[in-house]
Amino acid sequence: MLRNNPLINLFIGSFYRLPAPININYFWNGGSTIGVFLVIQIVSGLFLSMHYTSHMQMSFFSVNHIMRDVNGGWLLRYMHANGASFFLGLIFLHIGRNVYYKTYYRKGAWIIGILLLVVSMLTAFLGYVLPWGQMSFWGATVITNLITAVPVYGEAIVKWLWGGFSVENPTLNRFYTFHFLFPFVIVALSVVHLFFIHMLGSSTPLGTFSNTMKLDFWPYYGVKDIFGFSIIISSFMMLVGFSPDLFGDPENFKKANSMVTPVHIKPEWYFLFAYAILRCIPNKKLGVFGLVFSILVFFFFLFSKKKLMSSLFYRLIFWSWSMNFIMLTWLGGCPVKDVFIYMAQISSFIYFFFLLILMLI
Amino acid sequence: MRLSSIYKHGFGSLGVTVDKQIVYTMSAMEHNPIKGVVSKGFPNVIRRTKESFLVVAIPALLCYLSYDWGTKLQAKLDRKDPKMYENDV
């Protein structure tokens, strides 16, 4: 009788009595945990936006005002900054789980998932510019200048994006606008993502179908998800409370100065793997292509043939690729010196080559 | 939710025929709710770790060795004080 009401039917069918496989492990908590962090980011961002000013003369000082004067402002700011790290870290883990268990055969969910990754990375990049510190300004300058690699129209596009002849006040204003807008795009894409997943139901670690044997989502996976949230949120709050600047850059404690370039310009940790690929290629256009292709390459998994459980060789290649990914992230943060560039070139080759192997086997 | 199922039963029906429901429960006579958590659970963790250990540890070790080689070599190339490399072969 409850199911006659369309809203209650939606709730019951998509959550309360959603048929779920019996053998999914903790890696299947990833999606819901990412959703929790999306909510944390939106709510903390909303409250931050009540005190933030996006004019280039005032933005840095408004962030300082939030940290020192606004009640709980320090907590909001640190939760938002570190929430972004957790959000993207969990997305990487989620994608890793999907590659390991070969769930990319679900084409709709996979395409929306990679789109979600792209929009999330874009949102994080836009958000990092807003405090208008040295790294905010120079990171924005470096990354937006990459658009000049587009043949013929590159210079015009980048000036249109900047709203001027360099990263200045119009750029900050529009970055704030889009940073506010894109999370709602992420929410909409997430609903579509869930729609595609619920069409077939969750995948399983063995890759087998589970239509003949299902559990109700609540209480089994509902409680499992809540347990997973509590572990992750505890570690998140420990980071926010005890070491909130661990993932930050000291340069961002200084106000942006277009006349002083930092010695080492680098983005936040979740972009470092792509940054390493960009920097190690001597040619500018090819470097930009490598940066963009390092994300878009995941679309090529759509052409893989689905196979059941991963073989030993697949798992070895997967873990080699994952460790190489961590090394690429470290290399992206290293200064531009011979040995590190040489290592980044080899790591970048391994990154693409091993992904190709994973797609083929 | 298959589209045909949505048309028929509304948004939220998964489109599969659910003919049984698994419910996990304990015996009413069982007084220990965490029975076997350590005695069976811990050996199971050891078994699962042993099965995957080499596949994870070998790439991790190789990456650590490359990181160590790279940082040491770069530190060597960054030396400027002649006293630091007067004993070089």
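All values derive from a computational prediction rather than experimental measurement. (Residues numbered from 1 in each chain as written. Chains lettered and ligands numbered in written order. Predicted model: local features only at pLDDT ≥ 70, side-chain atom pairs only at ≥ 80, totals over all residues. Heavy atoms only, no water.)

Visitor: Teacher, can you tell me more about the UniProt feature "binding site: heme b b562" (unreviewed entry) in chain A here?
Guide: All names here are of chain A. Per the UniProt annotation, the sites labelled "binding site: heme b b562" (unreviewed entry) are His80 and His179. Annotated residues spanning 100 residues; largest pairwise C-alpha distance 12.7 Å, indicating a single compact cluster. Looking at the element boundaries, His80 is found in helix 4 (residues 73–100). Assessed through its relative accessible area of 18%, His80 is described here as buried. Residues contacting His80, with those up to four places away along its chain left out, are Gln41, Ser44, Gly45, Leu48 and His179. Within the structure, His80 has its side chain in polar contact with the backbone nitrogen of Gly45 (distance 3.4 Å). Residue placement: His179 occurs in helix 8 (residues 169–200). Excluding residues that lie within four positions of it along the chain, His179 makes contacts with His80, Thr123, Leu126, Gly127 and Leu130. (UniProt positions renumbered as here; feature names shortened; annotations may be inferred. Helix = DSSP H or I, 4+ residues; strand = E, 2+ residues; numbered from the N terminus. Buried < 20%, exposed > 50% of the residue type's maximum accessible area, 1.4 Å probe, protein only. Contact = heavy atoms within 4.5 Å. Polar contact = N/O pair within 3.5 Å; in protein donor to acceptor, adjacent residues only side chain to side chain.)

Visitor: What am I meant to see in the packing of helix 12 (residues 312–333) of chain A against helix 2 (residues 41–77) of chain B here?
Guide: Helices that pack against each other are described as a pair by the angle of their axes relative to one another and the distance between those axes. As a packed pair, helix 12 of chain A and helix 2 of chain B sit with axes 9 Å apart at the nearest point and diverge in direction by 30°. The angle between helix 12 of chain A and helix 2 of chain B falls in the class roughly parallel. Considering how the two elements wind past one another, helix 12 of chain A and helix 2 of chain B form a crossing that is right-handed. Counted together, A:Leu312, A:Arg315, A:Leu316, A:Trp319, A:Ser320, A:Met323, A:Asn324, A:Met327 and A:Trp330 of helix 12 of chain A and B:Glu51, B:Ser52, B:Val55, B:Val56, B:Pro59, B:Ala60, B:Cys63, B:Ser66, B:Tyr67 and B:Thr71 of helix 2 of chain B form the full contact between these two elements. Among the residues forming the contact of helix 12 of chain A with helix 2 of chain B, the class breakdown is 12 nonpolar, 5 polar and 2 charged. (Axes fitted to C-alpha atoms, helices over the stretch in contact; angles between N-to-C directions. Parallel < 35°, antiparallel > 145°, perpendicular 65-115°, else oblique. Left-handed = near helix turned anticlockwise from the far one by under 90°. Nonpolar A, V, L, I, M, F, W, Y, C, P; charged D, E, K, R; others polar.)

Visitor: Would you explain the packing of aromatic side chains in this entry?
Guide: How two aromatic rings sit relative to each other is given by the distance of their centres and the angle of their planes. Residues and elements named next belong to chain A. For the coordinates displayed, the defined rule picks out 46 aromatic pairs over all chains. On the numbers, 6.1 Å between centres and 35° between planes, the contact of Phe273 with Tyr351 is tilted. Taken together, the positions of Phe273 in helix 10 (residues 272–280) and Tyr351 in helix 13 (residues 338–360) put the pair 78 residues apart, joining distant regions of the chain. Accessibility classification places Phe273 together with Tyr351 in one group, the buried group. The ring of Tyr314 carries the charged tip of Lys102 above its face, separated from the ring centre by 4.3 Å. Its end group placed over the ring of Tyr26, Lys224 keeps NZ or CZ at 4.5 Å from the ring centre. (Phe/Tyr/Trp six-rings, centres within 6.5 Å; stacked < 30°, edge-to-face > 60°. Lys NZ or Arg CZ within 6 Å of the ring centre and 35° of its normal.)

Visitor: What is the right way to look at the environment of A:Ile40 in this model?
Guide: Inspection of the secondary structure assignment puts A:Ile40 in helix 2 (residues 30–49). Other than its neighbours up to four places away in sequence, A:Ile40 contacts A:Gly45, A:Met79, A:Ile233 and A:Phe236.

Visitor: Where do I start with the nonpolar core in this structure?
Guide: When a protein is soluble and globular, its nonpolar side chains tend to lie buried together. Residue and element names in this part refer to chain A. Val99, Trp110, Phe273, Phe298, Phe301, Tyr351 and Leu355 are the most contacted members of the largest nonpolar core, which totals 106 residues. The biggest single contributor to this core is helix 4, with 13 residues. The contacts of Phe301, once residues within four sequence positions are left out, are Val99, Tyr104, Trp110, Leu355, Leu358 and Met359. (Core = buried A, V, L, I, M, F, W, Y, C linked by side-chain atoms within 4.5 Å.)

Visitor: What is the right way to read the pattern of salt bridges from this model?
Guide: Oppositely charged side chains can form a pair if their charged atoms are brought close together. Within the structure shown, the criterion is met by 6 salt bridges over all chains. B:Asp78 is paired through a salt bridge with A:Lys337; the nearest N and O atoms lie 3.0 Å apart. Taken together, the residues B:Asp78 in the segment after helix 2 and A:Lys337 in the loop between helix 12 and helix 13 connect one chain to another. Residue B:Asp68 pairs with B:Lys72 through a salt bridge whose shortest N-O separation is 2.9 Å. Note that B:Asp68 and B:Lys72 are positioned in helix 2 at a spacing of 4 residues, about one turn of the helix. On the basis of relative accessibility, which here comes to 21%, the residue B:Asp68 falls in the partly exposed class. (Salt bridge = Lys/Arg side-chain N within 4 Å of Asp/Glu carboxyl O.)

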